[in-house]
Amino acid sequence: MPDTQPLDLQAVLDDIYRELTPRLGEGKVADYIPQLARVDPKRFGMAIMTVDGAVHMVGDADVPFSIQSISKVFTLTLALGKHGENIWTRVGREPSGSAFNSIVQLEHEHGIPRNPFINAGAIAITDLVLAGHTPKEAIGEVVRFLRYLADEEDILIDGEVARSEAATGYRNFALANFMRSFGKLDHPVEHVLGVYFHQCALSLSCRQLAKAGLFLAAGGSNPLTKHSVVSRQRARRINALMLTCGHYDGSGEFAYKVGLPGKSGVGGGILVAAPGRASVAVWSPGLNHNGNSLLGSLALEMLANRTGWSVF
Ligand code: DON
């Protein structure tokens, strides 16, 4: 769409919602975390927060949901703030081409996960966030960071989701123990996963999430809160990782169809940065075969087509 034409973003959102309404409920809600399986599959929300402060919302955009792996963007940002580029001795920056919870690459890559967004990589990042903290303090730091980013106190962790995941997190325990066996985790596995399960259980609405992610679309600072979060270069680099690794083995497909940096979670949320334009969050619990929101991905594809916001 040419820049000279004013873009009615609310109309675009309303159209997307209308077109997708007959399909609500498609996809498969994640059930390996029992508490997530209880979510109504027909929920759908979407929020756009532009860099000049406009907010557009549709559907359940104010209903909090479990952000799950989207939290990995925020812990990566925290770990970079704490340890700078040294974090790259613990985790790589390459797409994995594997499922989010895959263990296969870890052995011949000596306990160094491919990137910070697959589970193994995010666990390594959480270990770095824990440095100098008790698990409780580290969880507090993550929650405070989200509240600071979104400029809202009303951001909480769903304790039931965290407990549910801890009770069934066999894969994550396997990944963490494996990394620890290579000497690649500094803290006890129980501590690292305690923090990891809680960060995944953060509940945010699309509106809160879009606001929390706005710094990524706006060169590192949040133009609404005036909070300076990271340097322009760091925001660009986090976006690059989201584009190449944010959807696991569906990252290529998402880049092909949407063309924007994004991070998904098994709760059905996706956070996207349209650099220089807006931060977008969508939530639809039904997932596709890669564990990414089915209708959420489709909604973002429709948005990218209608706005011309692809980075390509
Ligand atoms: O580690 C897990 O299994 C979840 N807490 C997070 C996984 C997740 O969101 C993967 N995303 N698509």
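Quantities reported herein were computed from a predicted structural model and do not represent experimental measurements.

Moving on, we get to the overall build of the protein. Per the secondary structure count, the protein includes 13 helices and 8 strands. Relative to the 2.2 N^0.38 estimate, which gives 20 Å for 312 residues, the radius of gyration of the protein is 18 Å and therefore close to what a compact globule would have. The principal-axis extent of the C-alpha atoms belonging to the protein is close to 55 × 40 × 35 Å. Evaluated residue by residue, the protein yields a buried proportion of 52% over its 312 residues.

A word on the site of the ligand. In the neighbourhood of the ligand, 13 residues make up the surrounding shell, with Gln68, Ser69, Cys200, Gly265 and Val266 lying closest. Here the residues of the shell around the ligand sort into 3 nonpolar, 9 polar and 1 charged.

Here we have 3 strands laid out as an open sheet, ordered β3-β5-β4, and antiparallel in their pairing. In this open sheet, the two edge strands, each paired with only one partner strand, are β3 (65–66) and β4 (156–157). Pairing analysis gives 2 bridges linking β4 to strand β5 (residues 202–204), with the strands arranged antiparallel. Among the inter-strand pairings, Ile157 is bridged to a residue of β5, identified as Leu202.

Interhelical geometry of helix α2 (residues 71–83) versus helix α4 (residues 119–129) gives an angle of 45 degrees and a closest axis separation of 9 Å. If you check the angle between α2 and α4, you find them oblique. Once α2 is placed against α4, the crossing between them reads as left-handed. Contacts between α2 and α4 involve Lys72, Thr75, Leu76, Leu78, Ala79, Lys82 and His83 on the former and, on the latter, Ala122, Ile125, Thr126, Leu128 and Val129. Grouping the amino acids of the contact of α2 with α4 by side-chain chemistry returns 7 nonpolar, 3 polar and 2 charged.

Another point: the packing of α4 against helix α8 (residues 189–200). The geometry of a pair of packed helices is captured by two quantities: the angle between their axes and the separation between those axes. Taken N-terminus to C-terminus, the directions of α4 and α8 make an angle of 110 degrees; their axes are 9 Å apart at the nearest point. Put simply, α4 runs roughly perpendicular to α8. Along the contact surface, α4 presents Ala122, Ile123, Thr126, Asp127 and Val129, while α8 presents Val192, Val195, Tyr196 and Gln199. Counted by class, the contact of α4 with α8 contains 6 nonpolar, 2 polar and 1 charged residues.

We now examine unusual backbone geometry. Glycine aside, residues mostly have negative phi, and peptide bonds are mostly found in the trans state. Phi angles above zero are rare outside glycine, and Gln68 is one such case at about 50 degrees. Using a count of 25 C-beta atoms within 10 Å as the deciding quantity, one classes Gln68 as buried. Look at Asp151: it is not a glycine, yet its phi comes out positive at around 55 degrees. Of note, Asp151 is situated in the loop between α5 (135–150) and β4.

A few words on the confidence of the model for the protein. Mean pLDDT over the protein: 96, with 98% of residues reaching 70 or higher. The complex prediction reports pTM at 0.97, with the ipTM value standing at 0.96.

About the cut-offs
- Within every chain, residues take consecutive numbers counted from 1 along the sequence as written.
- It should be noted that, the model being predicted, local features are given only for residues of pLDDT at least 70 and side-chain atom pairs only at 80 or more, the latter also being counted only at that level, while totals for whole chains, interfaces and linings use all residues.
- Each helix corresponds to a stretch of at least 4 residues labelled H or I by DSSP, and each strand to a stretch of at least 2 residues labelled E; elements are numbered beginning at the N terminus.
- Two things to know: the radius of gyration comes from C-alpha atoms, and the globule rule equals 2.2 Å times the number of residues to the power 0.38.
- Comment: burial labels come from other C-beta atoms within 10 Å of the residue's own C-beta, placed from the backbone, where a count of 20 or more is buried, 12 or fewer is exposed, and between is partly exposed.
- Here, nearness is defined through the C-beta atom: a residue counts as near a molecule or strand if that backbone-placed atom lies within 6 Å of it.
- Residues are grouped as follows: Ala, Val, Leu, Ile, Met, Phe, Trp, Tyr, Cys and Pro are nonpolar; Asp, Glu, Lys and Arg are charged; all remaining types, including Gly, are polar.
- Two strands pair under a simple rule: DSSP has to find at least two bridges between them.
- Fitted lines through C-alpha atoms give the axes, limited to the stretch in contact for helices. The angle between two N-to-C directions lies from 0 to 180 degrees.
- Oblique is the label for any angle not covered by the other classes, which are roughly parallel (under 35 degrees), roughly antiparallel (over 145) and roughly perpendicular (65 to 115).
- Helix crossings get a hand from a simple test, with the near helix turned counterclockwise from the far one by less than a right angle marking a left-handed crossing and a clockwise turn marking a right-handed one.
- Placing C-beta atoms from the backbone, we regard two residues as in contact once those atoms come within 7 Å.
- Scored from 0 to 100, pLDDT records how confident the predictor is in each individual residue.

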